[in-house]
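These are the residues of each chain, in order.
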Amino acid sequence: MSYLARHPRELAGAAARRVRRRLDTSAPRCLVCGSTDLREQVVERAAPLPRPGRYELRICQTCQYVSNPGNTVDYTAFTSVERFKLTPRVGTEDHQGREFHMARMGADVLQRSSLDVMVFGAGRSLDYRHIAKLPQVRSVVMSDVVDLGVDADFINITEGTDRRFDLIIACEVVEHFTDPATEFPRLFDLLTKDGLLVCSTNIFNGGDLQKQRYLYSPGHVSYYSPRAIRRIAERNRMRFDFRLPAIANGSPGPRKRYVLFTRSARNLRNVAEYFGGRPYAPSEDVRAMEEAGARSG
């Protein structure tokens, strides 16, 4: 006998509750798909775990997007890039960081020259200087929600611009989005018709949120599942792909991914060809960073 035959009242009651949640405009909604079917979870992280504290999470049962709204950081209060930590993924004068390698990959995927490139949310990285030297690149601009005076050619994304870009790099940025339904489209709108957006972030695999420390790094308020990324792409008529980056002499972690967004079917075919002979996407060389530090020390 089926569950429906045995428990019609329970199923009808559950369906009615779902309808009431959808009709209740005051009910919390998923920031990605808009569903009201959310599960709340409180995570207590005690020392010596990284970022101890109490976190109130919301997990969407429809697209598996995880929101950590209490973990925000006010970046508009920052006055200097020195507030950002210098790690191997951050480009310096002597070291090509992750953004450079993401941009070089993107340029190779696009297979054309005279590219206009935007580096969004670079912090203290100087990779834009290395990117500017790539033979396919015509221009590079920096962008963010606040100007910290890193470069004169800067665009405040909240103020808008008429410029459009063939390639946008957003390295460890989208997990800081407090309103993904607004902030992703704002980036997509800055792409040319055949442009490519390359993001670097961790992807939620449905595991134990207590143990996934990425979600508790300062400012990390959004944790995307593959299904959530698909919803974002579909709502904005974008195509997407996931690729696993490799870090020389290190580990990218089991959930680190590059997410590539584009409107172009040709670009996605180019992605497939690019990775036909490469098992991993390029990323920072930890050893090169250490050697550069030893030379300057």
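Anyway, here's the lowdown on the structure attached to this text. The structure displayed is predicted, hence computed values, not measured ones.

Quick look at helix α7 (residues 265–274)
- Among all positions in α7, only N267, N270, V271 and Y274 are buried. Buried residues along α7 cover an arc of 105° about the axis, so they all sit on one side. Seen from the open side of α7, the exposed residues pointing more than 90 degrees away from its buried face are R269 and E273.
- On the buried face of α7, the contacting elements are α3 (98–110), β8 (191–202), β10 (239–243) and β11 (256–262).

Description of the pattern of salt bridges
- In the structure shown here, the tally under the stated rule is 10 salt bridges.
- As a salt-bridge pair, R54 and E56 come within 2.5 Å of each other at their nearest N and O atoms.
- Taking the shortest distance from any N to any O, the salt bridge between D166 and R112 comes out at 3.5 Å. Here the residue D166 occupies a position in strand β7 (residues 165–171), and R112 occupies one in the loop between α3 and β4 (115–120), the gap between them amounting to 54 residues.
- Its relative accessible area of 11% is what places D166 among the buried residues.
- Residue R112 is classed as partly exposed on the basis of its relative accessible area of 27%.

Section: the sheet that holds strand β2 (residues 53–60)
- Across the sheet, four strands lie side by side as β1-β2-β3-β9; this open sheet has antiparallel pairing. Two strands bound the open sheet, and with one partner strand each, they are β1 (38–45) and β9 (222–223).

What about the sheet that holds β10?
- Pairing in this open sheet of seven strands is mixed, and the strands run β6-β5-β4-β7-β8-β11-β10 from one edge to the other. Across the chains shown, the open sheet's two edge strands, defined by having one partner strand only, are β6 (154–156) and β10. The sheet shows a mean angle of 20° between the axes of neighbouring strands, direction not considered.
- Examined bridge by bridge, β4 and strand β5 (residues 137–144) share six bridges and lie parallel to one another. Across the sheet, the residue bridging to M118 is V141, located in β5.
- Contacting β4, β7, β8 and β11, α3 runs over the sheet at an angle of about 150° to β7.

Concerning unusual backbone geometry
- A positive phi is found at S114, a non-glycine position, where the angle reads about 55°.
- With respect to the helices and strands, S114 occurs in the loop between α3 and β4.
- Notably, E172 is not glycine yet its phi reads approximately 55°, a positive angle.
- Following the sequence through the fold, E172 ends up in the loop between β7 and α5 (180–188).

Comments concerning the packing of aromatic side chains
- Using the criterion set out here, one finds 11 aromatic pairs in the structure.
- Between the aromatic rings of F177 and F184, the centroid separation amounts to 5.2 Å while the plane-to-plane angle is 80°, which identifies the pairing as edge-to-face.
- For F177, a relative accessible area of 4% corresponds to the buried category.
- You can call F184 buried: its relative accessible area is 1%.
- When the centroid spacing of 5.6 Å and the interplanar angle of 80° are considered together, the rings of F184 and Y224 count as edge-to-face. Within this pair, whereas F184 is found in helix α5, its partner Y224 is found in the loop between β9 and α6 (226–235), the two being separated by 40 residues in sequence. Residues F184 and Y224 agree in their burial class; the two are buried.
- Here the aromatic cluster, defined as three or more aromatic residues joined through ring pairs, consists of Y65, F177, F184, F188, Y224 and F261.
- Sitting over the ring of Y274, R278 keeps its end group 3.8 Å from the ring centre.

With respect to the nonpolar core
- If you look at the biggest cluster of nonpolar residues, it comprises 33 residues, and the most contacted ones within it are I168, L197, Y224 and F261.
- Every element with two or more residues in this core is listed here: β4, β7, α5, β8, α6 and β11.
- Residue contributions to this core peak at four residues, all from α6.
- Apart from the residues lying within four places of it in its own chain, the contact partners of Y224 are V32, Y65, V174, E175, F177, P180, F184, N202, I203, F204, I229 and I232.
- Counting 29 residues, the second-largest nonpolar core is a separate cluster that includes A107, A122, Y274 and F275.

Cut-offs applied
Residues numbered from 1 in each chain as written. Predicted model: local features only at pLDDT ≥ 70, side-chain atom pairs only at ≥ 80, totals over all residues. Heavy atoms only, no water. Buried < 20%, exposed > 50% of the residue type's maximum accessible area, 1.4 Å probe, protein only. Helix = DSSP H or I, 4+ residues; strand = E, 2+ residues; numbered from the N terminus. Arc of directions from axis to C-beta. Contact = heavy atoms within 4.5 Å. Salt bridge = Lys/Arg side-chain N within 4 Å of Asp/Glu carboxyl O. Pairing = 2+ DSSP bridges. Axes fitted to C-alpha atoms, helices over the stretch in contact; angles between N-to-C directions. Phe/Tyr/Trp six-rings, centres within 6.5 Å; stacked < 30°, edge-to-face > 60°. Lys NZ or Arg CZ within 6 Å of the ring centre and 35° of its normal. Core = buried A, V, L, I, M, F, W, Y, C linked by side-chain atoms within 4.5 Å.

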